[in-house]
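So the chains spell out like this:
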Amino acid sequence: MNQMELSVPYDNGYEPEDYMLQEDEWDRDLLLDPAWEKQQRKTFTAWCNSHLRKAGTQIENIEDDFRNGLKLMLLLEVISGERLPKPDRGKMRFHKIANVNKALDFITSKGVKLVSIGAEEIVDGNVKMTLGMIWTIILRFAIQDISVEETSAKEGLLLWCQRKTAPYRNVNVQNFHVSWKDGLAFCALIHRHRPELIDFQNLKDDPLGNLNLAFDIAEKHLDIPKMLDAEDILSTPKPDERAIMTYVSCFYHAFAGAEQAETAANRICKILGVNQENEKLMEDYERLASELLEWIRRTIPWLENRAAEKTMIEMQRKLEDFRDYRRMHKPPKVQEKCQLEISFNTLQTKLRISNRPAFMPSEGKMVSDITSAWQGLDQAEKGYEEWLLTEIRRLERLDHLAEKFRQKATNHETWASGKEEILSRKDYESASLMEVRALLRKHEAFESDLSAHQDRVEQIAAIAQELNELDYHDVASVNQRCQSICDLWDQLGTLTQKRREALERTEKLLETVEQLFLEYAKRSAPFNNWMEGAMEDLQDMFIVHTIEEVQTLIAAHEQFKSTLPEADAERQAILGIQQEVLKISHSYGIHGDLTNPYRTITTEEIAIKWDKVKKLVPQRDSALQEELARQHGNERLRRQFAAQANLIGPWIQTRMEEIGRCSMAMEGTLEDQMTQLKQYEHVIVSYKQNIDKLEGDHQLIQESLIFDNKHTNYTMEHIRVGWELLLTTIARTINEIETQILTRDAKGISQEQMNEFRSSFNHFDRRLHKARVEERDKLRPDEFKACLISLGHLGNDKQKKNRAMDSDDFRACLISMGYDLGEVEFARIMMLVDPNTSGVVSFQSFIDFMTRETADTDTAEQVIGSFRILAADKPYILADELRRELPPDQAEYCISRMPPYSGPGALPGALDYTAFSTALYGESDL
């Protein structure tokens, strides 16, 4: 045992000031404060006599009665229980010095190195040295062994006093001098342990009376001699600290038996506190799980509903609702799900650390149940947005087709209007030959026109068929109109055939025709049809999604414009025929009716339609250029989105890799790793604004009906999934480190041990840098077995000698635990670390196993033993005993949960603490 150059022993971490002042301070106190010497002289004398009376003697004057060394040696034998060397019986000075030296040598043998205290000073009756020597003896044999929660002797004694007097009003023990002057602290100590001796509630503000009451009761009932005078304590501003400490230490030793009960109560309070905290965590988990599962249950049917709306506006409203769900409703639930998993893992870790059974949530509320429900949510959500966009495209095309159908149907109906009546006439019966031939030629022109309209009718039918196939909401009216057109078309065909047959029969009787009018009719009708088709094409609605598509339309329009000169030449030629008719009539003096009986369109109508074609051409140019500008704008949106997505995607991947490296690194303490992860978390949270900006750009893209982007491989869905995975990963990694810190602190694992566990684990996790994120930090059974062998848990003797942790303590621990150290033992360990037989072992399971195999935990037997102490060895305990020994909330917690004791000899209200303690560590509702 090391010794230090002090006047007192310095041992077990106690501070020098706990024992004895330096010599110059001692002299100063003696000179400045005579009351100091008086109090110590009386207290130390009484303390010595409390022990010497066991040997049938006592002292009267402390500096005189120890001068020959005989009673000093006797005092040391009584308080130590050991025999000192035989004293010298002579009365000469050297005999006295020899005896005192034997006493001082004995004190030195107990680890106390005396400085400036010699036998001569004691023999000469030096008061200062004698009191210092006695104080050293008091410290060594009465105070040194007092320790509460690993404090020093003085601090431990003070802490003991504070705890015992804490419930008492007007008692505040902060030191060993003025805190005791009013006497209430002494009375509180006695009342706490022997409440029947003092009526504490009725004590008055009478320091002298309170002090004397406490001193008298201590002497009469506790066998503690009166070591202090109330008058001396009250007469000085600051009573002597050593005198008070000496006297209070007698109370501590007198009540030492009660300390065992206090220790037991402390253990029970700690265990009950853990149980109450765990119950709160279980309740919170159940509530949060129920709320999350209910939200998922309500949301999935909404996402699975594929009932299409009839209009674009209604479908776009559905799309906006889905965007709100992704932006506002789902992200908080992602956080709740992650926090729920973290809370569950933390709770299970706390239960394992406290040796409690694992928490089994209510049916349907396991983490796996929540994960399964969440997967169902993701599955329902997966195709919903794609369905929405597809449906919007379908409705957009339907609207376009419906409008196209209406235009073509209107044009055709306008053309067909009145045709049935014309074809039904029998005007040829009373017509002249010229008129019949004219009617025949006119009919031929009509047939040509009818044939030209065949394609239009087929287009109308094709559009109607497509609207049927695409399930257009107003398809009934389309079908009705289409059927009406087709029926009329069939009727016109029948009537045309009948009229032709009639005209051909009449044609045999008629021979004169006017070829020029016929040529006009034959050329003007197709040209008119071309102009109508051109006007339809120029007014045709178009829908494109890329610059290339609109450029194709522009090229087609340019091609059309290139045909206009040829069309204009045809127009001039047709008009020339009419001019030729007029020229002939003027040249040959024809004065008859010059109306062309064959024509279907006049020159004025041709002029009007031609002017309309020329006006529609620049309008089409303008519309196409506007669409080209819109597509350029869409391209800018694509590039803007791609530029951000191509930065955010790799950024998320880089953060994932950094988190992975941090979780696997062993640099610094777990707190250092936690600090680094918190920094990562702060960076990630700060980066959220970039995700929000990208969401805004994505919304603009969707509102512009942009459905592809060749500038990036990242979709908004990719970014969302990556972001959610990043948030979940950082939260889970932080929780893993927190769990390791919790495990380390609770089990007393050093940072070096934790690093050794991590190093061994990483060494055998061969897939660490190859596997996907969810497969990291897991070992296959063969890797886990090799890792255990490296730590000395498995294998033969040769392997044990080569293990990574080759220490005698660890080997002795394995042997004392009765390890079989073979395949059977390995199978047992695998059942502990992998109860679900998943084939992999997580790092947390590995740490839990190592700490569980080596660390001390409280057990049901320990709790039962603690309750037995509080119950004074009875097999049951009473409610009053629990309320007396435990804090109120924990006492009531036990009373409400302990079953009645049914054994023999039980008093009314007896409680069964054995059944209660067993339930704490087994399957129960506690």
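Not measured: the values here are computed from a predicted model.

Moving on, we get to the overall build of the chain. When you go through the chain residue by residue, the secondary structure sums to 37 helices and two strands. Of all 926 residues assigned to the chain, the portion counted as buried reaches 47%. Contacts spanning at least 24 positions in sequence make up 74% of the contacts within the chain whose residues lie at least 6 apart. Carbon and sulfur atoms make up 51% of the accessible area of the chain, which totals about 46,500 Å².

Moving on, we get to the packing of helix α8 (residues 153-165) against helix α12 (residues 241-254). Following both chains from N to C, one finds α8 and α12 inclined at 60 degrees, their axes separated by 11 Å at the closest point. Like other packed secondary-structure pairs, α8 and α12 cross with a definite hand, here left-handed. Where α8 abuts α12, its residues K154, L157, W160 and C161 lie against E241, M245, V248, S249, F251 and Y252. Of the residues belonging to the contact of α8 with α12, the class tally is seven nonpolar, one polar and two charged.

Below, the discussion takes up helix α15 (residues 367-382). For α15, spanning 16 residues, the distance from its first C-alpha to its last is 22 Å, which sits close to the expected 22 Å at 1.5 Å a residue. Considered for burial, the residues of α15 that qualify are I370, A373, W374, L377, A380 and E381. Considered in projection along α15, the buried side chains sweep an arc of 120 degrees and stay on one side of the axis. Relative to its buried face, α15 has exposed residues pointing more than 90 degrees away, namely S368, Q375, Q379 and K382.

With that settled, the discussion passes to the packing of aromatic side chains. Overall, the coordinates contain 27 aromatic pairs when judged by the stated rule. One residue, R140, lies across the ring of F141, its end atom 5.3 Å from the ring centre. K419 extends its terminal NZ or CZ atom over the ring of W415, reaching a point 5.0 Å from the ring centre.

Here the focus is unusual backbone geometry. Although it is not a glycine, D223 sits at a positive phi angle of roughly 60 degrees. Looking at the element boundaries, D223 is found in the loop between α10 (207-221) and α11 (230-235). One non-glycine residue, A872, adopts positive backbone phi at about 55 degrees. Mapped onto the fold, A872 is located in the loop between α34 (860-870) and α35 (879-885).

What follows deals with the packing of helix α4 (residues 70-80) against helix α7 (residues 127-143). In contact at an axis separation of 11 Å, α4 and α7 are set at 10 degrees when each is read in the N-to-C sense. Judged on the interaxial angle alone, α7 and α4 are roughly parallel. On the side of α4, the interface is formed by L72, L76, I79 and S80, while α7 contributes M133, I137 and F141. Of the residues contributing to the contact of α4 with α7, the split by class is six nonpolar, one polar and no charged.

Enumeration over the complete set of coordinates arrives at 58 salt bridges. Shared partners join several salt bridges into a network, and the residues in it are R326, K330, D378, E381, E695, E717 and R720.

Moving on: the nonpolar core. Within soluble globular proteins, side chains that are nonpolar generally end up buried alongside one another. In terms of nonpolar packing, the biggest core is built from 78 residues, with W47, W180, F186 and F251 touching the most fellow members. In terms of residues, this core owes the most to one element, α7, which gives ten residues. With near-sequence residues (within four places) excluded, F186 lies in contact with W180, L211, A214, F215, L228, I244, Y247, V248 and F251. Of all hydrophobic cores here, the second largest spans 45 residues; its members include L293, M315, A373 and Y384.

Another point: the environment of A607. Inspection of the secondary structure puts A607 in helix α24 (residues 603-664). Separated by 36 residues in the primary sequence, A607 and R571 place their C-alpha atoms 8.8 Å from one another.

A residue-level look at the chain finds 80% of positions with pLDDT of 70 or above and a mean pLDDT of 78. Confidence scores differ between elements of the chain, with helix α30 (residues 797-801) showing the lowest mean pLDDT of 34 and α10 the highest of 91. Under a pLDDT of 50 for its full length, residues 588-592 has, in the predicted model, three contacts with residues more than four places off or in other chains. pLDDT under 50 marks residues 783-821. Its contacts with residues more than four places away, or in other chains, come to 85 contacts.

A few words on the environment of H221. Tracing the backbone shows H221 in helix α10. A relative accessible area of 39% means that H221 is categorised as partly exposed. H221 sits 24 residues away from L197 along the chain, and the two C-alpha atoms are 8.3 Å apart. Dropping the residues within four chain positions of it, H221 is found in contact with R194 and L197.

This paragraph deals with the side chain of T130. Tracing the sequence through the fold places T130 in helix α7. Once you skip the residues sitting within four places of it in the chain, T130 turns out to touch I62, E63, F66 and I122.

Examined against the element boundaries, R720 turns out to sit in helix α27 (residues 716-747). With residues near it in sequence (within four places) discarded, R720 still touches R326, E385, E695 and H698.

Attention now moves to α4. Those residues of α4 that sit buried are L72, M73, L75, L76, E77, I79 and S80. G81 occupies a position one or two residues after α4 and carries a positive phi of about 75 degrees.

How each quantity is defined
Residues numbered from 1 in each chain as written. Predicted model: local features only at pLDDT ≥ 70, side-chain atom pairs only at ≥ 80, totals over all residues. Heavy atoms only, no water. Helix = DSSP H or I, 4+ residues; strand = E, 2+ residues; numbered from the N terminus. Buried < 20%, exposed > 50% of the residue type's maximum accessible area, 1.4 Å probe, protein only. Contact = heavy atoms within 4.5 Å. Areas by Shrake-Rupley, 256 points an atom, 1.4 Å probe, with all protein chains shown as cover. Axes fitted to C-alpha atoms, helices over the stretch in contact; angles between N-to-C directions. Left-handed = near helix turned anticlockwise from the far one by under 90°. Nonpolar A, V, L, I, M, F, W, Y, C, P; charged D, E, K, R; others polar. Expected span 1.5 Å × (residues − 1). Arc of directions from axis to C-beta. Phe/Tyr/Trp six-rings, centres within 6.5 Å; stacked < 30°, edge-to-face > 60°. Lys NZ or Arg CZ within 6 Å of the ring centre and 35° of its normal. Parallel < 35°, antiparallel > 145°, perpendicular 65-115°, else oblique. Salt bridge = Lys/Arg side-chain N within 4 Å of Asp/Glu carboxyl O. Core = buried A, V, L, I, M, F, W, Y, C linked by side-chain atoms within 4.5 Å. pLDDT = per-residue confidence, 0-100.

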